[in-house]
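# Geometric and topological summary
If you want the building blocks of each chain, they are given just below.
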Amino acid sequence: MIGFLALAWRPAILPIDPPAKTSFPAELIASGQILAGAGYCEVCHTRQGGEKLAGGYALRSDFGTIYSTNITPEPETGIGRWSLEAFTRAMHEGVARDGSHLFPAFPYDHYTKISDEDVEALYAYLMTRPPVKATAPVNTLPFPLNIRTLQEGWKLLFFRSGRYRPDAAKSAEWNRGAYLAEGLSHCGGCHTPRNLLGAEKADHAYGGAVIEDWVAPALTDENPSPAPWTQGELFSYLRSGVSPLHGVSAGSMSPVIHTGLAAVPDADIRAEAIYFAELDHAEARTAATDAAIKKALATSALGTGQEYDPDARLYAAACVACHYNAGPNPLPARPELALNSALTLSEPTNFIHVVLEGIGTRDGGPGLVMPSYAALGDADIARLAAYLRRTRTDRSPWTDVETKVAALRRQAASAKPE
Ligand code: HEC
Ligand code: HEC
Ligand code: HEC
């Protein structure tokens, strides 16, 4: 125990007088702004309706709720008195200025891969933001999970500190994509399944996971979409929130794209697309794409006629007007449901979310919205799900859909912003 405590103890780094804004070169601040976008600092460090970067955003997990902190340069409640050294240690080691361990809800297990230069640019950006006085609410982690010292044990088991090391066998673009995806953009933070202690399963990277009651689908060749996620599809989706052959972003993927990656130049988005298109072996699967699209579009008209099937009629009444594609290729403004992972995933979670909540102006493509169908009863939504799964995919039926609709409806009601 004494050895453990010795290890768990980290020295405080002395506070400094807040640095003058003018001490940071403009180019460094500009590059920090892009990096902050790629790392979604603002998404996690801004509570709904709150000042930018002033913290208080609630991250819910199986263990309890953790609130992000104020990372504006306000000296008393923010990080105004943090030196570059203290900030770098937080990003690379998950240790706060006062020496206490930070919880991995802050993705330092990914940020440890960020280069020193990029950390310096992030520091310059944050230290030149408007200071805001704000203190985050107290976390609701139960004892003993709330004891920060015990985080050292977690770190010993799961955390490997170290900067990204380029793979010499790969292109510069691939390496750029990998650097961003594994570090700042921490795509695995949501798309990699976690073990019982909340650490990402290293041997199942990007294998798909449930995050805040949504499914973040696999980004490997385990992704169930009929058409592979090629470089082009990935670029379009990550850039605009819409991809012609897969549909649109919703849930927590929307702020990743529209608040975070929006700051990032095309070249970096392309690099990430190159990295993931290689990971999911899209190239080897494109031969089958045309057949998959044809097959999917052949189902598009189901429900447009006067089928006697009452499920088809429900679909015709509620959905078909916007989702029917007549042409040889689906239109991005009318996602072809047979191609959408919401129907092919092993759980109906994302499908139910979309029907209950619709797709708002901050999701999906610019200017495109889908109304909420929360007015439909649980049984009707379950019928729609079963009907589409049956007629649009080859997958086995989902089970207990009605119960799942009711559960997500309750979830949505209780998760209303605080
Ligand atoms: C997935 C959500 C998430 C993202 C994204 C995120 N943070 Fe955080 N961050 C947190 C949480 C939660 C904490 C508080 C952790 C704790 O209390 O142990 C935190 C704490 C911190 C701290 C320690 C501050 C303190 O007062 O102790 C710093 C510094 C920080 N984040 C910087 C950043 C930067 C820079 C970025 C963007 C590159 C970023 N964070 C992105 C969730 C996030
Ligand atoms: C905060 C959590 C989060 C982060 C971080 C995140 N994703 Fe996602 N992602 C999701 C969720 C949830 C969905 C499902 C959204 C939907 O169905 O519209 C998703 C969907 C996707 C999809 C569509 C998959 C499909 O088959 O429909 C792709 C591609 C994707 N993400 C790529 C990425 C990449 C690349 C990154 C890193 C740059 C990333 N994601 C980071 C949560 C996240
Ligand atoms: C008024 C037109 C309209 C109606 C009616 C409509 N949708 Fe949509 N739907 C859309 C649009 C537009 C999008 C893409 C939104 C975007 O890009 O922001 C979409 C997207 C979707 C998605 C894809 C979500 C994703 O993550 O890729 C699903 C699934 C879906 N709709 C199912 C349904 C179902 C089921 C119904 C019937 C209950 C329905 N829609 C009714 C317009 C509509």
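My aim in this report is to walk through the structure given alongside it, one point at a time. (Residues numbered from 1 in each chain as written. Chains lettered and ligands numbered in written order. Predicted model: local features only at pLDDT ≥ 70, side-chain atom pairs only at ≥ 80, totals over all residues. Heavy atoms only, no water.)

### Some thoughts on the site of ligand 2
In the neighbourhood of ligand 2, 26 residues make up the surrounding shell, with Cys187, Cys190, His191, Met253 and Ser341 lying closest. With respect to ligand 2, the side chain of serine 225 contributes an N or O atom lying 3.4 Å from an oxygen atom. In this structure, alanine 250 approaches ligand 2 through a main-chain N or O atom, which is 2.8 Å from an oxygen atom. Secondary-structure elements contributing two or more residues to the shell around ligand 2 are helix H9 (188-191), strand S4 (214-216), helix H10 (231-240), helix H11 (253-260) and helix H12 (266-279). Residue classes in the shell around ligand 2 are distributed as 17 nonpolar, eight polar and one charged. (Near = heavy atom within 4 Å. Polar contact = N/O pair within 3.5 Å; in protein donor to acceptor, adjacent residues only side chain to side chain. Helix = DSSP H or I, 4+ residues; strand = E, 2+ residues; numbered from the N terminus. Nonpolar A, V, L, I, M, F, W, Y, C, P; charged D, E, K, R; others polar.)

### Some details on the coordination of the iron atom of ligand 3
The textbook angles at a metal center are 109.5 degrees for a tetrahedron of four donors and 90 or 180 degrees for an octahedron of six. Each protein donor to the iron atom of ligand 3 is listed here as His323 (NE2) and Met370 (SD); together their distances run 1.9 to 2.1 Å. Coordination geometry of the iron atom of ligand 3: the six donor atoms subtend angles of 86 to 178° at the metal centre, consistent with an arrangement described as octahedral. With histidine 323 in helix H16 (residues 320-323) and methionine 370 in the loop between helix H18 (349-357) and helix H19 (378-392), this pair connects stretches of sequence that are 47 residues apart. (Donors = N, O, S within 2.8 Å, 3.2 Å for Na, K, Ca; no water. Tetrahedral: all angles 85-135°; square planar, octahedral: opposite > 155°, others 65-115°.)

### Overview of unusual backbone geometry
Note that the residue after phenylalanine 143, namely proline 144, is joined by a cis bond; omega there is 0°. The residue proline 144 is located in the loop between helix H6 (116-127) and helix H7 (151-158) in this model. Even without being glycine, tyrosine 40 reaches a positive phi, approximately 50°. Residue aspartate 213 is not a glycine yet carries a positive backbone phi of 65°. On the secondary structure map, aspartate 213 appears in the loop between strand S3 (209-211) and S4.

### Some remarks on the environment of isoleucine 381
Relative to the helices and strands, isoleucine 381 resides in helix H19. Placed 52 residues apart in sequence, isoleucine 381 and asparagine 329 show a C-alpha to C-alpha distance of 27 Å. In this structure, isoleucine 381 is in contact with Phe351, Val355, Leu356, Tyr373, Leu376, Val405 and Arg409, ignoring residues within four places of it in sequence. (Contact = heavy atoms within 4.5 Å.)

### Quick word on the site of ligand 3
Contacts to ligand 3 come from 23 residues, most closely from Cys319, Cys322, His323, Asn340 and Met370. Contact between ligand 3 and valine 248: an oxygen atom at 2.9 Å from a main-chain N or O atom of the residue. Contacts to ligand 3 include glycine 365, whose backbone N or O atom sits 3.1 Å from an oxygen atom. Among the elements that take part in the shell around ligand 3, H18 stands out by supplying three residues, more than any other. A class-by-class count of the residues in the shell around ligand 3 yields 17 nonpolar, five polar and one charged.

### Description of the coordination of the iron atom of ligand 1
If you check the protein contacts of the iron atom of ligand 1, you find one donor only, His45 (NE2), at 2.0 Å. Positionally, histidine 45 belongs in helix H3 (residues 41-45).

### As for helix H4 (residues 84-93)
Where burial is concerned, most of H4 is hidden: seven out of the ten residues are buried. Listed as buried for H4 are Ala86, Phe87, Thr88, Arg89, Ala90, Met91 and His92. Buried residues belonging to H4 abut helix H5 (108-111) and H6. Once H4 finishes, glycine 94 follows within two positions and takes phi at roughly 70°, a positive value. (Buried < 20%, exposed > 50% of the residue type's maximum accessible area, 1.4 Å probe, protein only.)

### Remarks on the packing of aromatic side chains
Using the criterion set out here, one finds 14 aromatic pairs in the structure. Seen from their ring centres, tyrosine 206 and tyrosine 275 are 6.4 Å apart, and the 80° between their planes marks the pair as edge-to-face. Taken as a pair, tyrosine 206 in the loop between H9 and S3 and tyrosine 275 in helix H12 lie far apart in primary sequence, 69 residues in all. Ring geometry for tryptophan 229 against tyrosine 237: centres 5.0 Å apart, planes inclined by 70°, an arrangement best described as edge-to-face. Taken individually, tryptophan 229 and tyrosine 237 each receive the classification buried, so the pair is uniform in this respect. A connected cluster of aromatic rings, assembled from ring pairs, spans Phe106, Tyr108, Tyr111 and Phe159. Here arginine 392 stacks its cationic end above the ring of tyrosine 315, 4.9 Å away from the centre of that ring. (Phe/Tyr/Trp six-rings, centres within 6.5 Å; stacked < 30°, edge-to-face > 60°. Lys NZ or Arg CZ within 6 Å of the ring centre and 35° of its normal.)

Keep in mind these values describe shape, not function.
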